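Structural overview
For reference, the chains in residue letters:
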Amino acid sequence: MADEPLVQEIQNLRGRIEQAKLPQELFQEIEKQFDRLTRMAKSEGYSIEYDRLAHYIDWVANLPWNQRSTENLDLIRAKEVFDKNHYGLDEVKERILEYLAVLRLKTQQHKEQERVHAPILCLVGLVGTGKTTFAYSIAEAIGRPFARIPFGGMGSARDLRGQSRQHPESEPGYIIKAIRRARVKNAVILLDEIDRVAEEARSDIMGVLVELLDPEQNNAFIDHYIDYPFDLSQVIFITTANNTTNIAVAVMDRLEPISMPSYTDEEKIHIGRDYLLPDAMAEAGIGQENLQIDDSLWPQIVRPLGFDAGIRTLQRTIQGISRKVAKKVVEGEKQTLHVTSENIDEYLPQ
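Residues numbered from 1 in each chain as written. Predicted model: local features only at pLDDT ≥ 70, side-chain atom pairs only at ≥ 80, totals over all residues. Heavy atoms only, no water.

A word on the environment of Phe-237. Its location among the elements puts Phe-237 in strand β4 (residues 236–241). It is 35 Å that separates the C-alpha atoms of Phe-237 and Phe-34, two residues lying 203 residues apart in sequence. Look past the residues within four positions of Phe-237 in its chain and what remains in contact with it is Ile-120, Leu-121, Ile-189, Leu-191, Leu-212, Leu-213, Asn-218 and Leu-232. (Helix = DSSP H or I, 4+ residues; strand = E, 2+ residues; numbered from the N terminus. Contact = heavy atoms within 4.5 Å.)

Structural data, given as structure tokens:
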């Protein structure tokens with residue numbers, strides 16, 4: 001006799017598969033898998049093999065085979081988003097706006113957006129110069145869901161492509177996982193730090209990137225776990241790198257590099273005072289009534305340990321100041337702390 005909970009699970013899976021609007025060939029294959037699943041439920045009940053097969057069907061049902069988001073390629077709105085999230089970087093913003101303008105014109109020229117292939121950006125710059133956060137802003141500006149894939153230390157091309165279901169504990173690769181998280185087939189996907197993969201896997205990973213970033217090939221991307229072509233041609237891929245030395249020439253040929261410059265001290269002061277400090281104070285649970293910093297101290301705050309191209313050290317310094325103030329407030333030592341030239345050394349990293 002069939003296990004009733006398993007029968008109910010199979011019915012739920014079947015309903016989700018019907019809603020997913022799969023390609024016809026894949027739908028027919030999944031129907032065969034449902035027959036196997038039903039036989040297992042009737043004959044042996046729950047088993048490891050049943051679980052693997054149900055897990056696979058669940059993955060197929062949860063991929064956005066036809067779901068797309070409605071995007072907004074309004075350049076005025078995009079500029080407002082960039083200015084809200086990033087101080088300075090005027091040349092970078094202009095390059096991105098040009099990129100969005102081209103994408104908008106090409107979209108208007110083709111009723112079928114599947115035919116629109118956007119150039120693939122590569123934001124290149126030192127650590128902390130805003131590469132990753134700018135990618136988030138691009139997705140926000142055009143109204144597409146966003147997913148990030150970290151490449152730092154990636155040790156195998158299987159991390160991207162997944163592993164065959166013939167192997168125990170197999171699962172999809174990062175690409176398909178990102179698509180599932182985004183829930184649409186035209187997401188913005190960030191391939192973060194593609195220059196920092198493990199040396200022994202660099203050649204294989206770069207080979208997958210060549211296919212992934214080529215509009216003539218990525219419309220039928222094969223993940224070894226899903227084992228059916230998935231159309232990635234509508235995805236906007238953005239890549240980042242600290243430098244391009246370790247990126248294969250074939251990959252660079254498919255990228256449009258944009259240099260992310262180091263921040264000047266003046267820019268850091270503005271970012272620290274107007275962006276990072278309010279965020280850090282909110283995270284620490286303190287308000288403007290709890291902390292005052294003399295304007296003359298900001299040059300010292302942005303360089304507590306010498307030059308830094310990015311703003312991560314500055315962010316950590318400001319967060320440290322805010323936490324120290326929060327501690328004094330909780331301990332009842334002071335409700336309002338005024339940071340001056342006399343006491344600044346107590347709050348800076350040594």
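Still more ground to cover, so stick around.
The next point concerns the nonpolar core. Formed by 63 residues in total, the largest nonpolar core has its most connected members in Trp-65, Phe-151 and Leu-191. Counting residues per element, this core draws most heavily on helix α3 (residues 48–61), at 8 residues. If sequence neighbours within four positions are ignored, Leu-191 has contacts with Ile-149, Phe-151, Ile-175, Leu-209, Leu-212, Leu-213, Phe-237, Ile-238, Thr-239 and Thr-240. Counting 51 residues, the second largest nonpolar core, distinct from the first, contains Leu-123, Ile-138, Leu-314 and Ile-321. (Core = buried A, V, L, I, M, F, W, Y, C linked by side-chain atoms within 4.5 Å. Buried < 20%, exposed > 50% of the residue type's maximum accessible area, 1.4 Å probe, protein only.)

This brings us to helix α13 (residues 312–330). Helix length check: α13, at 19 residues, gives a terminal C-alpha distance of 27 Å against a target of 27 Å (1.5 Å per residue), a fit within 8%. Of the surrounding elements, those touching the buried residues of α13 are α11 (265–284), β6 (291–293), α12 (298–302) and β7 (337–339). Once α13 ends, the next one or two residues include Gly-332, with phi positive near 80°. (Expected span 1.5 Å × (residues − 1).)

In this section: the layout of surface pockets. Empty space within the largest pocket amounts to approximately 600 Å³. Considering the residues around the largest pocket, the lining is formed by 28 residues, among which Gly-130, Thr-133, Leu-276, Ile-311 and Gln-315 are closest to the centre. For the lining of the largest pocket, the per-class residue count stands at 9 nonpolar, 11 polar and 8 charged. Taken together, 16 residues line the second largest pocket, and the ones lying closest to its centre are Arg-52, Leu-53, Arg-165, Ser-170 and Tyr-225. When contributions to the lining of the second largest pocket are tallied by element, the ones reaching two or more residues are α2 (24–43) and α3. Classifying every residue of the lining of the second largest pocket by side-chain character gives 4 nonpolar, 5 polar and 7 charged. (1 Å grid on protein atoms, 1.4 Å probe; cavity = no way out; pocket = protein on both sides within 12 Å on 5 of 7 lines; lining within 4 Å. Points joined across faces, edges and corners; volume = space filled by probe spheres on them. Nonpolar A, V, L, I, M, F, W, Y, C, P; charged D, E, K, R; others polar.)

Time to look at the packing of aromatic side chains. Counted under the stated rule, the structure contains 5 aromatic pairs. With 5.8 Å between their ring centres and 70° between their planes, Tyr-56 and Tyr-225 make a pair best called edge-to-face. Residue Tyr-56 is located in helix α3, and its partner Tyr-225 is located in the loop between α9 (202–212) and β4; the two are separated by 169 residues in the primary sequence. Each member of the pair Tyr-56 and Tyr-225 is classed as buried. When the ring of Tyr-136 is compared with that of Phe-146, the centres are 4.1 Å apart and the planes differ by 35°; the resulting orientation is tilted. Within this pair, whereas Tyr-136 is found in helix α6 (residues 131–142), its partner Phe-146 is found in strand β2 (residues 146–150), the two being separated by 10 residues in sequence. (Phe/Tyr/Trp six-rings, centres within 6.5 Å; stacked < 30°, edge-to-face > 60°.)

Under the counting rule described, the total for this entry stands at 19 salt bridges. The partner of Arg-95 in a salt bridge is Glu-256, and the shortest N-O contact between them spans 3.4 Å. Within this pair, whereas Arg-95 is found in helix α5 (residues 90–109), its partner Glu-256 is found in strand β5 (residues 255–259), the two being separated by 161 residues in sequence. Here Arg-95 falls in the partly exposed class, since its relative accessible area comes to 27%. If you follow the salt bridges from partner to partner, you end up with Arg-16, Asp-58 and Arg-180 in one network. (Salt bridge = Lys/Arg side-chain N within 4 Å of Asp/Glu carboxyl O.)

Let's shift gears to the sheet that holds β5. Overall, parallel pairing links the 5 strands, which are arranged β2-β3-β4-β1-β5 in an open sheet. Of all strands in the sheet, those with a lone pairing partner are β2 and β5, marking the two edges. Direction aside, the axes of adjacent strands within the sheet are offset by 25° on average. (Pairing = 2+ DSSP bridges. Axes fitted to C-alpha atoms, helices over the stretch in contact; angles between N-to-C directions.)

What follows is about the environment of Gly-287. Here Gly-287 lies in the loop between α11 and β6. Assessed through its relative accessible area of 18%, Gly-287 is described here as buried. For the pair Gly-287 and Met-260, spaced 27 residues apart in sequence, the C-alpha to C-alpha distance is 33 Å.

Turning our attention to the pairing of strand β1 (residues 120–124). Within β1, 5 of the 5 residues are buried, leaving the element largely enclosed by the surrounding structure. Here β1 shows no split at all, with Ile-120, Cys-122 and Val-124 on one side and Leu-121 and Leu-123 on the other all buried. Of the strand pairs in this sheet, β1 and β5 are connected by 5 bridges, and their pairing is parallel. Bridge pairing in β5 places Leu-121 opposite Glu-256. Pairing between β1 and β4: 4 bridges, direction parallel. Within the sheet, the bridge partner assigned to Leu-123 lies in β4 and is Thr-240.

Honestly, it's all geometry; don't read function into it.
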